[in-house]
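Coordinates in review
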Amino acid sequence: MSKEEKTKIQLSLREKLIEPEKGPLLKYLGYLQAFLGDNDFMVGKSPTIADCQIVPRLTHLTKGILDGIPTTILDGYPKLKAYHARFCALPQVKAWYEKQAAAKAAAA
């Protein structure tokens with residue numbers, strides 16, 4: 001199978017993931033937003049290991065590196081989007097991401 005054929009299949013599958021009202025990825029994001037409810041973090045007012053697992057996956061979805069998945073995927077989930085921003089703004093998390101970006105820039 002050629003690279004072009006693989007890419008075409010991949011894009012087709014990702015398109016199905018984000019189909020309005022029935023795409024499994026959108027349903028999953030809806031479940032996460034519902035679980036979050038009015039909490040600051042997934043399990044209350046303080047971050048836990050659950051957040052350390054969920055946030056990197058949300059970040060990956062919004063980075064623009066997955067062809068066929070729009071970087072705006074969280075726009076339809078305002079509480080989830082605010083949660084992601086809130087976690088990433090934690091001083092320790094922000095410092096870690098900045099360190100990773102600096103290391104990447106230095107390697108380039």
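Keep in mind that what you see is a predicted model, and the values were worked out from it rather than measured.

1. Section: the packing of helix α3 (residues 49–62) against helix α4 (residues 78–88)
For the pair α3 and α4, interaxial distance at closest approach is 10 Å and the crossing angle is 110°. In terms of axis orientation, α3 runs roughly perpendicular to α4. As for the relative orientation of α3 and α4, their crossing is left-handed in sense. Residues D51, C52, I54, V55, L58, T59 and T62 of α3 form the contact with α4, whose participating residues are L80, Y83, H84, F87 and C88. Its residues assigned to classes, the contact of α3 with α4 shows eight nonpolar, three polar and one charged.

2. Topic: the UniProt feature "domain: GST C-terminal" (unreviewed entry) in the chain
The positions that UniProt labels "domain: GST C-terminal" (unreviewed entry) are, in the present scheme, residues 1–105. Its end C-alpha atoms 35 Å apart, residues 1–105 is made of 65% helix and 0% strand.

3. Section: a nonpolar patch on the surface
Together, M1, I9 and L13 line one region of the surface with nonpolar side chains, adding up to about 330 Å² of accessible area. Note that I9 resides in helix α1 (residues 3–17). Classification of I9 as partly exposed rests on a relative accessible area of 41%.

4. Let's talk about the state of the cysteines
For the structure on display, the rule yields zero disulfides. Free of any disulfide, C52 has its nearest cysteine sulfur in C88, 11 Å distant. Note on C52: relative accessible area 38%, which makes it partly exposed.

5. With respect to the pattern of salt bridges
The tally for this structure, following the rule as stated, stands at three salt bridges. Across the pair D38 and K79 runs a salt bridge whose closest N-O atoms are separated by 3.0 Å. On the criterion of sequence distance, the pair formed by D38 in the loop between α2 (24–36) and α3 and K79 in helix α4 is long-range, its members being 41 residues apart. K81 is paired through a salt bridge with D75; the nearest N and O atoms lie 2.6 Å apart. Exposure remark for D75: the relative accessible area of 42% places this residue in the partly exposed category.

Rules used throughout
Residues numbered from 1 in each chain as written. Predicted model: local features only at pLDDT ≥ 70, side-chain atom pairs only at ≥ 80, totals over all residues. Heavy atoms only, no water. Axes fitted to C-alpha atoms, helices over the stretch in contact; angles between N-to-C directions. Helix = DSSP H or I, 4+ residues; strand = E, 2+ residues; numbered from the N terminus. Parallel < 35°, antiparallel > 145°, perpendicular 65-115°, else oblique. Left-handed = near helix turned anticlockwise from the far one by under 90°. Contact = heavy atoms within 4.5 Å. Nonpolar A, V, L, I, M, F, W, Y, C, P; charged D, E, K, R; others polar. UniProt positions renumbered as here; feature names shortened; annotations may be inferred. Patch = residues over 30% accessible without salt bridge, like charges linked within 9 Å, V, L, I, M, F, W, Y side chains within 5 Å. Areas by Shrake-Rupley, 256 points an atom, 1.4 Å probe, with all protein chains shown as cover. Salt bridge = Lys/Arg side-chain N within 4 Å of Asp/Glu carboxyl O. Buried < 20%, exposed > 50% of the residue type's maximum accessible area, 1.4 Å probe, protein only. Disulfide = S-S within 2.5 Å.

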